[in-house]
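Secondary and tertiary structure notes
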Amino acid sequence: QDKVRAAREKSDHLGKVLGLLDSGDVEAACDALQEAGDHRAAMLISQIGSGPNSQTSRLIQHQINRWREVQADRHIDADRLRLFSLVAGQPVQNGNGEAVNTLAGLDWQRALAHHLWYLGGPLASVPDTLSAYDGAWNAAEPYCSRPQPKYSEDTEGCLDDGQGAPLDIKYH
């Protein structure tokens, strides 16, 4: 929560927008982009959460792919690529520079919220979202935080994932 608060207070408008989106405040994120004069990004962010199969998401993904093909993604701010990846409904984008992970640095509750709000689409059910989140942290190369309790030093009363690592009781 401190990280989100710090992001909201950033002078850099893209960091502030990402912080607002991390807390689910799309309207405030659009307002922040408008105030910064980034009107096109505001228009795109207003359509965030439309699902990875929407026309907007497919067009943004196509644009990201084109940037990657011509290696222009190396010259685009990582926060802007993260923002566009969220609009495209893609949690991870492989690029010519570093991979862009939209869920990097988020705790498990915010990562799950991103799956629910932005990555699953408007018709995704809660079980579908939970399944997608399970696949994200259980994958061979996980791209988001596992549902680990913040109090994991004291594992008494925690659920176990079968490998000895505690799972947050709020997850189940």
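The structure this text deals with has already been given above.
What counts, and at which threshold
- All residue numbers refer to positions counted from 1 along the written sequence of the respective chain.
- This being a predicted model, a pLDDT of at least 70 is required before a residue's local features are given, and a value of 80 or more before pairs of side-chain atoms are given or counted; all residues contribute to the totals for chains, interfaces and linings.
- In computing side-chain properties, one takes all heavy atoms of the structure into account and sets aside hydrogens as well as water.
- A side-chain nitrogen of Lys or Arg and a carboxyl oxygen of Asp or Glu constitute a salt bridge if their distance falls within 4 Å.
- Only DSSP runs of H or I reaching four residues or more are called helices, and only runs of E reaching two or more are called strands; each is numbered from the N terminus.
- Buried, partly exposed and exposed residues are distinguished by accessible area as a fraction of the type maximum, computed with a 1.4 Å probe on protein chains only: under 20%, between the cut-offs, and over 50%, respectively.
- Only the stretch in contact is used when a helix axis is fitted, and all axes are lines through C-alpha atoms; the angle between N-to-C directions ranges over 0 to 180 degrees.
- Oblique is the label for every angle not falling under 35 degrees (roughly parallel), over 145 degrees (roughly antiparallel), or within 65 to 115 degrees (roughly perpendicular).
- Should the near helix be turned anticlockwise from the far one by less than a right angle, the crossing is termed left-handed; should it be turned clockwise, right-handed.
- Note on contacts: a residue pair is in contact if any heavy atoms of the two residues lie within 4.5 Å.
- Three classes are used: nonpolar for Ala, Val, Leu, Ile, Met, Phe, Trp, Tyr, Cys and Pro, charged for Asp, Glu, Lys and Arg, and polar for all others, with Gly counted as polar.
- Patch definition: residues above 30% relative accessible area lacking any salt bridge, with like charges linked at up to 9 Å and the nonpolar side chains Val, Leu, Ile, Met, Phe, Trp and Tyr linked at up to 5 Å.
- Note on areas: Shrake-Rupley with a 1.4 Å probe; residue coverage comes only from the protein chains shown.
- Joining through side-chain atoms within 4.5 Å is the link that ties buried Ala, Val, Leu, Ile, Met, Phe, Trp, Tyr and Cys residues into a set, and such a set is a nonpolar core.
- Two N or O atoms count as a polar contact when they lie within 3.5 Å, although within protein this holds only if one can serve as hydrogen donor and the other as acceptor, and sequence-adjacent residues are included solely when both atoms are side-chain atoms.

Section: the pattern of salt bridges
- A full pass over the atoms with the stated rule returns 3 salt bridges.
- Arg 80 serves as the salt-bridge partner of Asp 38, at 2.7 Å between the closest nitrogen and oxygen. Taken as a pair, Asp 38 in the loop between helix H3 (26–35) and helix H4 (39–45) and Arg 80 in helix H6 (residues 78–88) lie far apart in primary sequence, 42 residues in all.
- With a closest N to O distance of 3.4 Å, Glu 69 and Arg 66 form a salt bridge. In this pair, Glu 69 and Arg 66 both sit in helix H5 (residues 55–69), 3 residues apart, roughly one turn of the helix.
- For Glu 69, a relative accessible area of 56% gives the class exposed.

What about the packing of helix H7 (residues 108–119) against helix H8 (residues 126–138)?
- At their nearest, the axes of H7 and H8 sit 9 Å apart, and the two run at 130° to each other. Compared by their axis directions, H7 and H8 come out oblique. Crossing geometry of H7 relative to H8 is assigned as right-handed. On H8, the residues that touch Trp 108, Ala 111, Leu 112, His 115 and Leu 116 of H7 are Thr 129, Leu 130, Ala 132, Tyr 133 and Ala 136.
- Classifying every residue of the contact of H7 with H8 gives 8 nonpolar, 2 polar and no charged.

Section: a nonpolar patch on the surface
- Side chains of Leu 116, Trp 117, Val 126 and Leu 130 sit close together on the surface and give an oily, nonpolar patch of about 330 Å² of accessible area.
- Those elements giving two or more residues to the nonpolar patch turn out to be H7 and H8.
- Tracing the chain through its elements places Trp 117 in helix H7.

Observations concerning H7
- The buried fraction of H7 is high, at 9 of 12 residues.
- For H7, the complete set of buried residues consists of Trp 108, Arg 110, Ala 111, Leu 112, Ala 113, His 114, His 115, Tyr 118 and Leu 119.

Quick notes on the nonpolar core
- Grouped together as the largest cluster of nonpolar side chains are 38 residues, with contacts concentrated most on Leu 21, Ile 45 and Tyr 133.
- Secondary-structure elements contributing two or more residues to this core are helix H2 (13–22), H3, H4, H5, H6, H7 and H8.
- No other element matches the 6 residues that H6 contributes to this core.
- Leave out the neighbours within four places in its chain, and Ile 45 touches Leu 21, Val 26, Ala 29, Cys 30, Leu 33, Leu 83 and Val 87.

What to know about the side chain of Thr 102
- Within the secondary structure layout, Thr 102 lies in the loop between strand E2 (100–101) and H7.
- Taking relative accessible area as the criterion, Thr 102 reaches 0% and is therefore assigned buried.
- In contact with Thr 102, other than residues within four places in its own chain, are Arg 82, Ser 85, Leu 86, Gln 90, Pro 91 and His 114.

Remarks on the side chain of Ser 54
- Counting through the fold element by element, Ser 54 comes out in the loop between H4 and H5.
- For Ser 54, a relative accessible area of 15% gives the class buried.
- Only 2.8 Å separates the side chain of Ser 54 from the side chain of Ser 50, close enough to count as a polar contact.

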